[in-house]
Structures are given as structure tokens and as C-alpha cells.
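Observations on the three-dimensional arrangement
So the chains spell out like this:
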Amino acid sequence: MKTPNYHDFYQKALIPIGVNDLAVLKETSSYDRYCPSTHWLIAVEGEQLPQPKIYFHWKVSIYPADVEGDFNWKKPFYCSPAMPSMDKAIDLACMLAASSRLDQLYSLNLQEKIS
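Parameters at a glance
- Residues numbered from 1 in each chain as written.
- Predicted model: local features only at pLDDT ≥ 70, side-chain atom pairs only at ≥ 80, totals over all residues.
- Heavy atoms only, no water.
- Helix = DSSP H or I, 4+ residues; strand = E, 2+ residues; numbered from the N terminus.
- Buried < 20%, exposed > 50% of the residue type's maximum accessible area, 1.4 Å probe, protein only.
- Contact = heavy atoms within 4.5 Å.
- 1 Å grid on protein atoms, 1.4 Å probe; cavity = no way out; pocket = protein on both sides within 12 Å on 5 of 7 lines; lining within 4 Å.
- Points joined across faces, edges and corners; volume = space filled by probe spheres on them.
- Nonpolar A, V, L, I, M, F, W, Y, C, P; charged D, E, K, R; others polar.
- Pairing = 2+ DSSP bridges.

Take Asp21: it is sitting in helix H1 (residues 19-25). Note on Asp21: relative accessible area 2%, which makes it buried.

Written out as C-alpha cells, the structure is:
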């Protein structure tokens, strides 16, 4: 797995994981029972395309994190498909953040689930 480009990594504020979402998280490979996560870290990540001119595609990722924001970048709960528009990625991140605040990430049909 390629190391993330943290220069183009834009995270939103941590969001506490709700009871329903935690139940679903516990059934995935993203959950670490030895280091339980309490929050979601939702981020927009830029991936530079291999071409002479600097150009990025963007994806939205959701990571289980602790209260201090520590997370395992190798085990995201969700990664979106790459998008050519940062604005669309930010819109998706905002929608996912709103769903997570309502403890309803589990009810979304996340097409690119990692776990």
C-alpha cells in the first residue's frame, strides 16, 4: 500500500462514533480491539497523477481514530473512488460527516467499503 501524501491531506474535525456505527465498525477489519477507536476522522486526500504537469485526483477516506486523532492509515473504514474535482470530494466529506454525527454511517450504501 502506498504511503499517503500528507501534504495534500485535509481532515475535518473528529466526530465521536455513535453506538450504531460502532457496532458496524466492530465487525470490520478496521477495528482494533486492543486500541479501540472513539472517533471518526474524515479526510479529503489528494493523489498526484503520474504525468509531467502536477495534477491531482481526490478521494474521501474515513478512519477510526482515538480522541487525540491517532489513526492507522492502512486500515480505513471507507475510501471513495478517485474524483477529478476537489469540490466534489469536499461535498462528499461534508455529507459523510453529517451522517456520522447522526450515527448513520452504517445505513449508507458505501460502495467502496474497505472492510
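On we go.
The next thing to look at is the side chain of Ser61. Relative to the helices and strands, Ser61 is located in strand S4 (residues 56-65). If sequence neighbours within four positions are ignored, Ser61 has contacts with Leu41, Ile42, Ala43, Glu45, Tyr78 and Cys79.

The next thing to look at is the layout of surface pockets. By volume, the second largest pocket amounts to about 180 Å³. Its residues assigned to classes, the lining of the second largest pocket comprises five nonpolar, three polar and four charged.

What follows deals with the pairing of S4. Among the 10 residues of S4, nine are classified as buried, and the element is accordingly described as predominantly covered. The sheet contact formed by strand S3 (residues 39-48) and S4 spans 10 bridges and is antiparallel. For Ile42, the partnering residue across the bridge sits in S4 and is Ile62. Strand direction decides the pairing type here: S4 and strand S5 (residues 78-79), joined by two bridges, are antiparallel. From the neighbouring strand, Ile62 faces S5, where its bridge partner is Tyr78.

The next thing to look at is the pairing of S3. With eight of its 10 residues buried, S3 lies for the most part within the structure. The pairing of strand S1 (residues 9-11) with S3 spans three bridges and is classified as antiparallel. What sits directly across from Gln11, in S3, is Ala43.

Any functional reading would require information beyond the geometric quantities listed.
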